Amino acid sequence: MKRSYFFFILSQIILDMAFSLAAFYIAYELTLLAPHRGLNAFDTYLPEISIFLFVIFIVFTASHLYRHQRSSAMLDEIYNVVKALTLAMLLTIAIITFF
């Protein structure tokens, strides 16, 4: 494996995790704007978020989203990402429900 390919894949994984965490934080901050919402501190949601990030990593890896595909169309890639995210959310809900 080429060194540049390794860093490309590593940067994809890091950016996926960072943007997912940022999405959770932005959603948390937006819910604080709603009146009469009693929310816990953001730190209390970190176990669920870490489970979700782990499941995203596993599902994206199993779905081969961390491979460089030169001939795939943009619409196919969007479909694969949406499919993998849907599966990751369902798995996360199932894991959190049972544990």
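Residues numbered from 1 in each chain as written. Predicted model: local features only at pLDDT ≥ 70, side-chain atom pairs only at ≥ 80, totals over all residues. Heavy atoms only, no water.

Novice: Looking at this structure, I do not really get the environment of phenylalanine 8. What am I missing?
Specialist: By secondary structure assignment, the location of phenylalanine 8 is in helix 1 (residues 3–33). For phenylalanine 8, a relative accessible area of 36% corresponds to the partly exposed category. Spatially, the C-alpha atoms of phenylalanine 8 and serine 71 are 18 Å apart, while their sequence positions differ by 63 residues. (Helix = DSSP H or I, 4+ residues; strand = E, 2+ residues; numbered from the N terminus. Buried < 20%, exposed > 50% of the residue type's maximum accessible area, 1.4 Å probe, protein only.)

Novice: Would you mind showing me how to read the environment of alanine 62 here?
Specialist: By secondary structure assignment, the location of alanine 62 is in helix 2 (residues 46–62). Distance in space between the C-alpha atoms of alanine 62 and isoleucine 95 is 18 Å, their sequence separation being 33 residues.

Novice: Explanation requested: the layout of surface pockets in the structure shown.
Specialist: Summary: where empty space remains is shown by rolling a probe the size of a single water molecule over the atoms. Empty space within the largest pocket amounts to approximately 540 Å³. Surrounding the largest pocket, 26 residues form its lining, Asp16, Phe60, Leu65, Val81 and Leu85 being those nearest its centre. Elements supplying a minimum of two residues to the lining of the largest pocket: helix 1, helix 2 and helix 3 (74–98). Counting residues per element, the lining of the largest pocket draws most heavily on helix 3, at eight residues. Considering only residue class, the lining of the largest pocket consists of 14 nonpolar, nine polar and three charged. (1 Å grid on protein atoms, 1.4 Å probe; cavity = no way out; pocket = protein on both sides within 12 Å on 5 of 7 lines; lining within 4 Å. Points joined across faces, edges and corners; volume = space filled by probe spheres on them. Nonpolar A, V, L, I, M, F, W, Y, C, P; charged D, E, K, R; others polar.)

Novice: Whenever I open this one, the confidence of the model for the chain confuses me. Can you help?
Specialist: Low-confidence regions, as indicated by low pLDDT, have predicted coordinates that should not be scrutinised in detail. Considering every residue of the chain, the mean pLDDT works out to 89; 97% of them sit at 70 or more. Within the chain, the lowest mean pLDDT, 92, falls on helix 1, and the highest, 94, falls on helix 2. (pLDDT = per-residue confidence, 0-100.)

Novice: Explain helix 2 here, please?
Specialist: Helical geometry: 3.6 residues make up each α-helical turn, so side chains three or four residues apart lie on a common side. Between its first and last C-alpha atoms helix 2 spans 24 Å; for 17 residues at 1.5 Å apiece the expected length is 24 Å, and the two agree. Among all positions in helix 2, only Ile49, Phe52, Leu53, Val55, Ile56, Val59 and Phe60 are buried. Taken end-on, helix 2 shows its buried residues confined to a sector of 170°, consistent with a single buried face. The exposed residues of helix 2 that point more than 90 degrees off its buried face are Phe54 and Ala62. Its buried side turned inward, helix 2 meets helix 1 and helix 3. Once helix 2 ends, the next one or two residues include histidine 64, with phi positive near 60°. (Expected span 1.5 Å × (residues − 1). Arc of directions from axis to C-beta. Contact = heavy atoms within 4.5 Å.)

Novice: Could you clarify how one ought to interpret the packing of aromatic side chains in this entry?
Specialist: Any two aromatic rings considered together are summarised by their centre-to-centre distance and by the angle between their planes. All told, the structure shown has seven aromatic pairs when counted by the stated rule. A centroid spacing of 5.1 Å and a plane angle of 90° characterise the contact between tyrosine 25 and phenylalanine 42, whose relative ring orientation is edge-to-face. Taken as a pair, tyrosine 25 in helix 1 and phenylalanine 42 in the loop between helix 1 and helix 2 lie far apart in primary sequence, 17 residues in all. You can call tyrosine 25 partly exposed: its relative accessible area is 41%. Put simply, the rings of Tyr25, Tyr28, Phe42 and Tyr45 pair up and form one aromatic cluster. (Phe/Tyr/Trp six-rings, centres within 6.5 Å; stacked < 30°, edge-to-face > 60°.)

Novice: So what exactly am I meant to see when it comes to unusual backbone geometry here?
Specialist: Glycine aside, negative phi is the norm for most residues, and most peptide bonds take the trans geometry. A positive phi is found at histidine 64, a non-glycine position, where the angle reads about 60°. Assessed through its relative accessible area of 36%, histidine 64 is described here as partly exposed.

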